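Here is what each chain is made of, one letter per residue.
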Amino acid sequence: MNTIHDFILYSLKDEPIGETAHFIWYITDIGIAALFRGNKNFKMYNLYVEKEAKNISLDISKEEKEYCEIEDKKLFLFYS
């Protein structure tokens, strides 16, 4: 495992900053993580992520987005 994955996994132990229909949202040392709820496919979650971020007052439209699979977790990581 690499250091970035360690930072992310450690942050997922903290309280989330919000929850939406398809994601649980966390602040990490790297940026904002949107942890997938369930195990649906990437394409479906990719359609919902920006819309659901707005539902909890996050503007991620100008952030870099990276898809990650760490252990058994799937998430999007948003960072500048």
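Look above for the structure.
Residues numbered from 1 in each chain as written. Predicted model: local features only at pLDDT ≥ 70, side-chain atom pairs only at ≥ 80, totals over all residues. Heavy atoms only, no water.

Participant: Just to check I follow, could you spell out the overall build of the protein for this structure?
Facilitator: Per the secondary structure count, the protein includes two helices and five strands. Of the regular secondary structure in the protein, the N- to C-terminal order runs α-β-β-β-α-β-β. A globule of 80 residues ought to have a C-alpha radius of gyration of about 12 Å, and the protein, at 11 Å, matches this closely. Once the C-alpha set of the protein is aligned to its principal axes, its extents read approximately 30 × 25 × 25 Å. Burial analysis of the protein (80 residues in total) assigns 38% to the buried set. (Helix = DSSP H or I, 4+ residues; strand = E, 2+ residues; numbered from the N terminus. Rg over C-alpha atoms; globule rule 2.2 N^0.38 Å. Buried < 20%, exposed > 50% of the residue type's maximum accessible area, 1.4 Å probe, protein only.)

Participant: Even after reading the chapter, I still don't get the pairing of strand β4 (residues 64-70), so can you show me in this structure?
Facilitator: Every regular strand shows the same layout, with side chains that alternate between the two sheet faces. Bridge analysis of β4 against strand β5 (residues 73-79) gives seven bridges, and the strand direction is antiparallel. When the sheet's bridge partners are listed, E69 is paired in β5 with K74. A loop of two residues connects β4 with β5, the two strands running antiparallel in sequence, and E71 in this loop sits at a positive phi of about 55°. (Pairing = 2+ DSSP bridges.)

Participant: Looking at this structure, I do not really get the nonpolar core. What am I missing?
Facilitator: Soluble globular proteins tend to pack their nonpolar side chains together in the buried interior. One finds F23, W25, I32, A34, F36, Y45, V49, A53, L58, I60, F76 and F78 forming the largest nonpolar core, which totals twelve residues. Listing elements by their share of this core, those giving two or more residues are β2 (23-27), β3 (32-36), α2 (42-55) and β5. The contacts of F23, once residues within four sequence positions are left out, are A34, L35, F36, R37, Y45, Y48, V49, E52 and F76. Residues L12, A33, L35 and L77 belong to the second largest nonpolar core, which totals eleven residues. (Core = buried A, V, L, I, M, F, W, Y, C linked by side-chain atoms within 4.5 Å. Contact = heavy atoms within 4.5 Å.)

In short, shape yes, function no, at least from these values alone.
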